[in-house]
Amino acid sequence: MIKFVRSGCLLLLLFLAVMPGISISKAAYAETPSPWISESLIIDSNMTEKEAFDGLDPKCPEEIRKQQRIVTVKYYSSDKKIHQGQLLIDGELENDIRTVFEVALKERFPICSVIPISDKRFRKDDRWSDDLSMEANNTSAFNYRLSTGSTQLSKHAYGRAIDINPFQNPYIKERIILPQGAKYDPTAEGTMTADHPIVRTFLRLGWEWGGNWTTLKDYQHFEKSPKN
Ligand SMILES: [Zn+2]
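Predicted, not measured: the structure shown is a model, and the values here were computed from it.

Looking only at helices and strands, the protein has seven helices and 13 strands in total. Of the contacts formed within the protein by residues at least 6 apart in sequence, a portion of 58% connects residues at least 24 apart.

Moving on to the nonpolar core. In terms of nonpolar packing, the biggest core is built from 28 residues, with Leu87, Ile89, Ile111, Ala141 and Ile162 touching the most fellow members. Considering every element that reaches this core, the biggest residue donor is helix 5 (residues 94–106), with four residues. Leaving out residues up to four positions away in the same chain, Ile162 has contacts with Leu87, Ile89, Thr139, Ala141 and Phe222.

What follows deals with the sheet that holds strand 2 (residues 68–76). Strand order in the open sheet formed by three strands is 1-3-2, and the pairing between neighbours is mixed. Looking at which strands have only one partner, the edges of the open sheet turn out to be strand 1 (42–43) and strand 2. One ladder, built from two bridges, connects strand 1 with strand 3 (residues 82–90); its direction is parallel. Bridge assignment links Ile42 to a residue of strand 3, and that residue is His83.

Turning our eyes to something else, we now look at unusual backbone geometry. Along the chain, Leu178 connects to Pro179 via a cis peptide bond; the corresponding omega equals 0°. Within the element layout of this structure, Pro179 appears in the loop between strand 10 (176–178) and helix 7 (197–204). Residues other than glycine seldom take positive phi values, yet Glu174 does so here, at roughly 50°. Along the chain, the position of Glu174 falls in the loop between strand 9 (171–173) and strand 10.

The next thing to look at is the environment of Ala52. Relative to the helices and strands, Ala52 resides in helix 3 (residues 49–53). On the neighbour-count criterion, Ala52 (21 C-beta atoms within 10 Å) is buried. Here the alpha-carbon distance between Ala52 and Leu87, two residues 35 residues apart in the chain, equals 9.0 Å. With residues near it in sequence (within four places) discarded, Ala52 still touches Met47, Ile70, Gln86, Leu88, Pro116 and Ser118.

This next bit is on the environment of Arg98. Residue position: Arg98 is located in helix 5. Taking the C-alpha atoms as reference points, Arg98 and Thr72, separated by 26 residues in sequence, lie 8.9 Å from one another.

Turning our attention to helix 5. For helix 5, which comprises 13 residues, the first-to-last C-alpha distance of 18 Å matches the rise-based estimate of 18 Å (1.5 Å per residue) to within 8%. Among the residues of helix 5, those classed as buried are Asp96, Ile97, Val100, Phe101 and Ala104. One face of helix 5 carries all of its buried residues, which in axial projection span an arc of 130°. Exposed side of helix 5, more than 90 degrees from the buried face: Asn95, Arg98 and Lys106 are the residues found there. Buried residues along helix 5 sit against strand 2, strand 3 and helix 7.

This paragraph deals with the sheet that holds strand 10. The strand order 10-9-12 describes an open sheet built from three strands, whose pairing is antiparallel. Since the sheet does not close on itself, it has two edges, and those belong to strand 10 and strand 12 (217–218), each with one partner.

A few words on the packing of helix 5 against helix 7. Put simply, helix 5 and helix 7 touch, their axes get as near as 9 Å, and they point 160° apart. By the angle class used here, helix 5 and helix 7 are roughly antiparallel. Of the two elements, helix 5 crosses helix 7, and the hand of that crossing is right-handed. In this structure, helix 5 contributes Thr99, Val100, Val103 and Ala104 to the contact, and helix 7 contributes Pro197, Ile198, Thr201 and Phe202. Considered class by class, the residues forming the contact of helix 5 with helix 7 number six nonpolar, two polar and no charged.

Conventions adopted
Residues numbered from 1 in each chain as written. Predicted model: local features only at pLDDT ≥ 70, side-chain atom pairs only at ≥ 80, totals over all residues. Helix = DSSP H or I, 4+ residues; strand = E, 2+ residues; numbered from the N terminus. Contact = placed C-beta atoms within 7 Å. Core = buried A, V, L, I, M, F, W, Y, C linked by C-beta atoms within 7 Å. Buried ≥ 20, exposed ≤ 12 C-beta atoms within 10 Å, placed from the backbone. Pairing = 2+ DSSP bridges. Expected span 1.5 Å × (residues − 1). Arc of directions from axis to C-beta. Axes fitted to C-alpha atoms, helices over the stretch in contact; angles between N-to-C directions. Parallel < 35°, antiparallel > 145°, perpendicular 65-115°, else oblique. Left-handed = near helix turned anticlockwise from the far one by under 90°. Nonpolar A, V, L, I, M, F, W, Y, C, P; charged D, E, K, R; others polar.

As far as function goes, none of this settles anything; it's purely spatial.
What follows is the structure, encoded as structure tokens:
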């Protein structure tokens, strides 16, 4: 009986080894159209809520702070790999942001990094620094701060604006270009243009694009006002 079971196993192994289905399934695996999906995800940001809001300007009203959500997103980066990042944004806009990041991933639009400004790399005197985030070409949303060159609170202060790839998509007002050394080249990878699927998706969802402004250009910037 034992002998029979052993030889039965041997026969089964032999059968499996020569079964054509096995080589077919291997071939099918090798031909997966998106090989990068099987690669491990590169984690750029995996903050807890406490970490994500650490160092927030104490002037930020509690009702604004409570409105913010941590949204975890996947994106294709300049190293041609899929990364995981996080954004802080008004909870009302979470679905819009997920839709836009799905479009960006499908288009393989390279996004440098998506890390909340509370990260140590973007701190100046322990406060969140938009300048440091921009200089690092980081994509971010919520930051309780004033508009660039203004005394008014920015839409970022309410978590209702996002800046994407600041280095390819600078803020330009007359001679001021931010981040410093950036240049707007519509043909460069990672750049927003009026006919780009990402810009079109934002506009379809009711957002405004800073590249359409006339008094200044803020190509990295998208914002959405609350419904009244
Ligand atoms: Zn902005």
